[in-house]
Amino acid sequence: MALPIVHHPDYDAPLPEGHRFPMGKFKALKAVLEREGLEAGFIEPSHATFAQLSRAHDPAYVEAVFSQTVAPAMARRIGLPVTEAVARRAAAATGGTIRTAELALERGLACNTAGGSHHASRDGGAGFCVFNDVATAAYAVLDRGLASRILVVDLDVHQGDGTASIFAEEPAVFTFSMHAEKNYPSRKAVSDLDLGLPCGMGDEAYLALLRDTLPRLLDQHQPELVFYIAGVDPHESDALGRLKLSREGLFTRDLYVLETARAHGAAVAGVLGGGYGQDVPAIADLHAQLHRAAARVVARG
């Protein structure tokens, strides 16, 4: 069985020349996966609807995005121009994570080629995140009774503050964020479990901490579904990261999370998270580590 990989052409949206968000990485990632023979699993999702997005966000904010009437202060907080293409991209990526969750629950494991927009909170976006796709998808799963216990494993280099705040009073969703402490956002939210890491942490210490933590969370929470935010911004060359993980360390991390969650009986929906810099092909290749690891898990059965 091929690994289900969710992708939509709308994941790519034009940005002003010189913008520091590497939007081209989504198209480049698709090309990497095609070259490596994983295209058999490609599935195109629907865009998230107003009703779906309004479960995680203030409906007035969702309407402002859809109508491109976001206030200038909010657009600055997001860090992206909220054009029609960017709004369409945000809805497509969120719909992609909803579809990824559905496929994961059907088949055990599925991956998006976007997603992980964890800074968007109920009242609006932030940090290159327009909509919180994981939060929206979690509500879609809970509302339909597809799962009743969800674990968010957020290994982006930045804290998943938006996700933590959205689910602060939701016992069905446990939020775990392992991130560089001295990094964006300056004001952290409170996840169910936060592990703030010192700058410069490398593979050995990082992986040891993860191996000590993840099995305990899976045992305690017994999730039916894990959302895994596999940010590659902990990589040693990332423009916005402050950790020192190697390429091999990232792959080991991804494989460990996927195998451990599956061994505990949880379905896993993998999403990208952050990865920043000018070398778009290199960033896309790092993001492909998630899909390579997932394909290995699927192949092993």
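Below you will find a few notes about this structure. Computed from a prediction, not measured in an experiment: that's the story for all the values here.

With that out of the way, let us pick up the pattern of salt bridges. One pass over the full model with this rule turns up 15 salt bridges. A salt bridge links Asp143 to Arg55, with the shortest nitrogen-to-oxygen separation between them at 2.7 Å. Note that Asp143 is positioned in helix α6 (residues 133–143) and Arg55 in helix α2 (residues 50–56), a separation of 88 residues in sequence. The partly exposed category is assigned to Arg55, whose relative accessible area is 34%. We note a salt bridge from Arg300 to Glu259, for which the minimum N-O separation is 2.2 Å. One end of the pair, Arg300, is in helix α10 (residues 280–300); the other, Glu259, is in helix α9 (residues 247–263), with 41 residues separating them in the sequence.

Turning our eyes to something else, we now look at the environment of Glu34. Tracing the backbone through its elements, the reader meets Glu34 in helix α1 (residues 25–35). Not counting residues within four places of it along the chain, the set of residues in contact with Glu34 comprises Glu39 and Phe42. Of note is the side chain of Glu34, whose polar atom sits 2.5 Å from the side chain of Lys30.

This structure, assessed with the given rule, holds 0 disulfides. Cysteine Cys129 shares no disulfide, and the gap to the nearest cysteine sulfur, in Cys111, comes to 19 Å. We classify Cys129 as buried; its relative accessible area is 6%.

With the rule as written, the count across this model stands at 8 aromatic pairs. Residues Phe66 and Phe131 carry aromatic rings whose centres are separated by 6.2 Å and whose planes lie at 80 degrees to one another, so their mutual orientation is edge-to-face. With a gap of 65 residues between them, Phe66 in helix α3 (residues 59–66) and Phe131 in the loop between β3 (109–112) and α6 connect regions that are remote in the sequence. The exposure class assigned to Phe66 is partly exposed, which follows from its relative accessible area of 31%. Through pairs of rings, three or more aromatic residues link up here, namely Phe21, Phe26, Phe128 and Tyr276. The ring of Tyr276 is capped by Lys25, whose NZ or CZ atom sits 5.4 Å from the centre of that ring. One cation-aromatic arrangement involves Arg211 over Tyr256; the distance from NZ or CZ to the ring centre is 5.7 Å.

Position of Asp133 relative to the elements: it lies in helix α6. For the buried residue Asp133, which engages in no salt bridge, the nearest side chain bearing the opposite charge is Arg89, 7.9 Å off. Here Thr97 takes part through its side chain, which lies 2.7 Å from a polar atom of the side chain of Asp133. For Asp133, the residues in contact, after removing those within four places along its chain, are Ala93, Thr94, Thr97, Gly115, Gly116, Ser117 and Val271.

So, about the packing of α1 against α10. Contact geometry of α1 with α10 gives a least axis separation of 8 Å together with a crossing angle of 55 degrees. Between α1 and α10, the crossing angle belongs to the class labelled oblique. In this structure, α1 meets α10 at a crossing whose hand is right-handed. For the pair formed by α1 and α10, the contact residues are Lys25, Ala28, Leu29, Val32 and Leu33 on the first element and Val280, Ile283, Ala284, Asp285, His287, Ala288, His291 and Arg292 on the second. Looking at the contact of α1 with α10, its residues break down into 8 nonpolar, 2 polar and 3 charged.

Take Pro81: it is sitting in the loop between α4 (72–78) and α5 (84–107). Separated by 11 residues in the primary sequence, Pro81 and Val70 have C-alpha atoms spaced 9.3 Å apart. In this structure Pro81 touches Leu15, Pro16, His19 and Val86, once residues within four positions along its chain are discounted.

Parameters at a glance
- Residues numbered from 1 in each chain as written.
- Predicted model: local features only at pLDDT ≥ 70, side-chain atom pairs only at ≥ 80, totals over all residues.
- Heavy atoms only, no water.
- Salt bridge = Lys/Arg side-chain N within 4 Å of Asp/Glu carboxyl O.
- Helix = DSSP H or I, 4+ residues; strand = E, 2+ residues; numbered from the N terminus.
- Buried < 20%, exposed > 50% of the residue type's maximum accessible area, 1.4 Å probe, protein only.
- Contact = heavy atoms within 4.5 Å.
- Polar contact = N/O pair within 3.5 Å; in protein donor to acceptor, adjacent residues only side chain to side chain.
- Disulfide = S-S within 2.5 Å.
- Phe/Tyr/Trp six-rings, centres within 6.5 Å; stacked < 30°, edge-to-face > 60°.
- Lys NZ or Arg CZ within 6 Å of the ring centre and 35° of its normal.
- Lys, Arg positive; Asp, Glu negative; His and termini not counted.
- Axes fitted to C-alpha atoms, helices over the stretch in contact; angles between N-to-C directions.
- Parallel < 35°, antiparallel > 145°, perpendicular 65-115°, else oblique.
- Left-handed = near helix turned anticlockwise from the far one by under 90°.
- Nonpolar A, V, L, I, M, F, W, Y, C, P; charged D, E, K, R; others polar.

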